Amino acid sequence: MAVIDFHSHILPGMDDGSKDVNMSLKMLEEAAGQGVDIMVATPHFYANQNTPAEFLKRREKAWQQLEKQELTGLPRIMLGAEVLFFNGIGYTEDIESLCIEGTNLMLLEMPFAPWSKVELREVEYLLNRGILLLIAHLERYFSFQKEKKMIASLLELPVCVQLNAECLLNWRQKQSAIKMFRNGEAQVLGSDCHNVTNRVPNLKKGRDVLEKKLGNDILYEIDDLGARMLKL
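For the structure given in this document, a descriptive report is provided here. All of these numbers come straight from a predicted model, not from anything done at the bench. (Residues numbered from 1 in each chain as written. Predicted model: local features only at pLDDT ≥ 70, side-chain atom pairs only at ≥ 80, totals over all residues. Heavy atoms only, no water.)

Next up on the list: helix α3 (residues 117-128). Look at α3: 16 Å from first C-alpha to last across 12 residues, which is about the 16 Å you get at 1.5 Å a residue. Close packing links the buried residues of α3 with β6 (105-109), β7 (132-135) and α4 (149-155). Positive phi appears at Gly130, one or two residues downstream of α3, with a value of about 85°. (Helix = DSSP H or I, 4+ residues; strand = E, 2+ residues; numbered from the N terminus. Expected span 1.5 Å × (residues − 1). Contact = heavy atoms within 4.5 Å.)

Turning our attention to the sheet that holds strand β1 (residues 4-8). Taken in spatial order, the 3 strands make up an open sheet running β1-β2-β4, and their pairing is parallel. Each edge of the open sheet is held by one strand with a lone partner, namely β1 and β4 (76-79). Mean inter-strand twist for the sheet, computed between neighbouring axes without regard to direction, equals 25°. As paired elements, strand β2 (residues 38-41) and β4 share 4 bridges and run parallel to each other. Looking at the pairing, Val40 lines up with Met78 of β4. (Pairing = 2+ DSSP bridges. Axes fitted to C-alpha atoms, helices over the stretch in contact; angles between N-to-C directions.)

What follows concerns the packing of aromatic side chains. Aromatic ring pairs are described here by two measures, namely the spacing of the ring centres and the angle between the planes. Tallying each qualifying case throughout the model produces 5 aromatic pairs. With centroids separated by 5.6 Å and ring planes inclined at 70°, the aromatic side chains of Phe112 and Phe144 adopt a geometry described as edge-to-face. With Phe112 in the loop between β6 and α3 and Phe144 in the loop between β7 and α4, the pair connects residues that are 32 residues apart, well separated along the chain. A residue is classified by how much of its surface remains accessible, and Phe144, at 30% relative accessible area, is partly exposed. Three or more aromatic residues joined by ring pairs form one cluster here, namely Phe112, Trp115, Tyr141 and Phe144. (Phe/Tyr/Trp six-rings, centres within 6.5 Å; stacked < 30°, edge-to-face > 60°. Buried < 20%, exposed > 50% of the residue type's maximum accessible area, 1.4 Å probe, protein only.)

Any two packed helices are characterised by how steeply their axes cross, that is the angle between the axes, and by the distance between the axes. Running from N to C, helix α6 (residues 203-214) and helix α7 (residues 216-229) cross one another at 130°; their axes reach a closest spacing of 6 Å. Between α6 and α7, the angle falls in the class oblique. Between α6, through Arg207, Leu210, Glu211 and Leu214, and α7, the contact on the second element is made entirely by Asn216, Ile218, Leu219, Ile222 and Asp223. The class makeup of the residues in the contact of α6 with α7 is 5 nonpolar, 1 polar and 3 charged. (Parallel < 35°, antiparallel > 145°, perpendicular 65-115°, else oblique. Nonpolar A, V, L, I, M, F, W, Y, C, P; charged D, E, K, R; others polar.)

As structure tokens, this is what we get:
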């Protein structure tokens, strides 16, 4: 079964991730060495900078630079986006085009600010359009929510949750992240890798922690669900 990194910034010159083709190749080589089979390329989408159509044109140019390289033995790349929440997202024309290629799955980055029922209503609008939402790095939003019930309310919706492997390596977050996987509140992992220095591909390290604490079955569940979400 394929090992999938659901969150990466490996497309060259697209955002604050990989700066050029050489860095992208190094990141892919590192991921390959960790047994990663598929990397979902999820460059940042900011509605105040691009329309979906403009973003897709930029993404295609970045992908073409990488596609020309020798990629044999490296993880397969599936194109997607990390879509930053914005007011009106639920009604935005062509927002479905930002789903991971060949799927109805969208990686959604929630606001780094207190949420209200307004944000949750917008999430429901997206779900009602038939979009399967994967909430990016949920662990990063906890500190912004004074009303902790907002997190619980989000998880009551039919969404999936992606955690960054890094939170399983951080002693402050490790236990809560393990608990989320144990309780079915988190479903998949991503490295959220940006470079080869301080935000590196690290999916294997996170998977190793989960396997040690929860057993091999949790990795099977992650990989099986990931394959189904990506329609592999």
